[in-house]
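# Architecture and fold: a report
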Amino acid sequence: GAVVSQHPSRVICKSGTSVKIECRSLDFQATTMFWYRQFPKKSLMLMATSNEGSKATYEQGVEKDKFLINHASLTLSTLTVTSAHPEDSSFYICSATPSGNTQYFGPGTRLTVL
Amino acid sequence: GNSVTQMEGPVTLSEEAFLTINCTYTATGYPSLFWYVQYPGEGLQLLLKATKADDKGSNKGFEATYRKETTSFHLEKGSVQVSDSAVYFCALSPDDYKLSFGAGTTVTVRA
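These lines cover the structure that appears in this document, whether it is placed above or below. (Residues numbered from 1 in each chain as written. Chains lettered and ligands numbered in written order. Predicted model: local features only at pLDDT ≥ 70, side-chain atom pairs only at ≥ 80, totals over all residues. Heavy atoms only, no water.)

Each partner contributes to the interface: chain A provides 19 residues, whereas chain B provides 15 residues. For the pair chain A and chain B, the number of links is one salt bridge. Between A:E59 and B:K98 there is a salt bridge whose closest N-O contact spans 2.8 Å. One can count two residue pairs in polar contact (both at pLDDT 80 or more) joining chain A with chain B. Elements supplying a minimum of two residues to the side of chain A that touches chain B: β4 (32–38), β5 (44–51) and β9 (90–97) of chain A. (Contact = heavy atoms within 4.5 Å. Salt bridge = Lys/Arg side-chain N within 4 Å of Asp/Glu carboxyl O. Polar contact = N/O pair within 3.5 Å; in protein donor to acceptor, adjacent residues only side chain to side chain. Helix = DSSP H or I, 4+ residues; strand = E, 2+ residues; numbered from the N terminus.)

What follows is the structure, given as structure tokens:
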């Protein structure tokens, strides 16, 4: 149980375009979802926390207008990277929690911006 | 602020060898400490946790003890298997909600 999926697993896009990444909790309802970014050989960096039906809370230094997060249902959160540039290339990981404190992680999405 | 430092990898071991991955942390107060494991192609999974000083977390033969005096939470396993090959992340949480991760240590176990 407690499976989280992400789609797509890999995406390549041109500079200036927008990319949407989906995060789904498959067998539970997620009151809270988290979005992380991971650079090569670096730790996961928390970008934002989203609660269903409310605006996401962004960590310091994360541009909310560039990384749009929507948590419209208890099983789906989306991260849209707007006007992507090569420096946005990274591994994006989401996690979801049904309640309490255990986070269940998705397998990640590799974004490459050309 | 909160931060986690773990030993750099990669670590390569033979089967049945002893594994230690060092992890130290900086935090205000008394955070909960975690080890997560990421197998190839999969998401991070919670391996074990400890919520207060001197607690020992254990799972799948892995152990880690919350050492407040040395601000450490080193991961150990006495006899590794090929199936233990993965990336291991040390993490802390001051509120059992948000997580701060270390950089991850890649472990490869050879048959």
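Now for the side chain of A:T82. Residues and elements named next belong to chain A. Here T82 is to be found in the loop between β8 (76–81) and β9. Here the side chain of T82 touches D65 through a polar contact of 3.2 Å, landing on its backbone oxygen. Once residues lying within four places of it in the same chain are set aside, the contact partners of T82 are T17, S18, D65, K66 and L68.

Residue and element names in this part refer to chain B. Side chains V11 and L13 project from strand β2 (residues 11–14) onto a buried face, and the interleaved T12 and S14 project onto a face without burial. Two strands pair when backbone bridges link them, and β2 and strand β12 (residues 105–110) are joined in this way by four bridges, in the parallel orientation. Bridging across to β12, L13 finds its partner in V109. (Buried < 20%, exposed > 50% of the residue type's maximum accessible area, 1.4 Å probe, protein only. Pairing = 2+ DSSP bridges.)

Below, the discussion takes up the environment of A:P40. All names here are of chain A. For P40, the position within the fold is in the loop between β4 and β5. Relative accessible area serves as the criterion here: at 64%, P40 is assigned to the exposed category. Expressed as a C-alpha distance, the spacing of P40 and S90, which sit 50 residues apart in the sequence, is 8.0 Å.

This part covers the pairing of β8(A). All names here are of chain A. Of all six residues that make up β8, six are buried, and the element is covered over most of its length. The alternating pattern of β8 places L76, T78 and T80 and S77, L79 and V81 on opposite faces, both of which are buried. The pairing of strand β3 (residues 19–25) with β8 spans six bridges and is classified as antiparallel. Looking across to β8, one finds that I21 is bridged to L79. Sheet analysis places strand β7 (residues 67–73) next to β8, joined by five bridges and oriented antiparallel. Across the sheet, L68 pairs through a bridge with T80, a residue of β8. Here β7 folds back onto β8 in antiparallel fashion, the turn holding two residues.

Read these as geometric descriptors, not functional statements.
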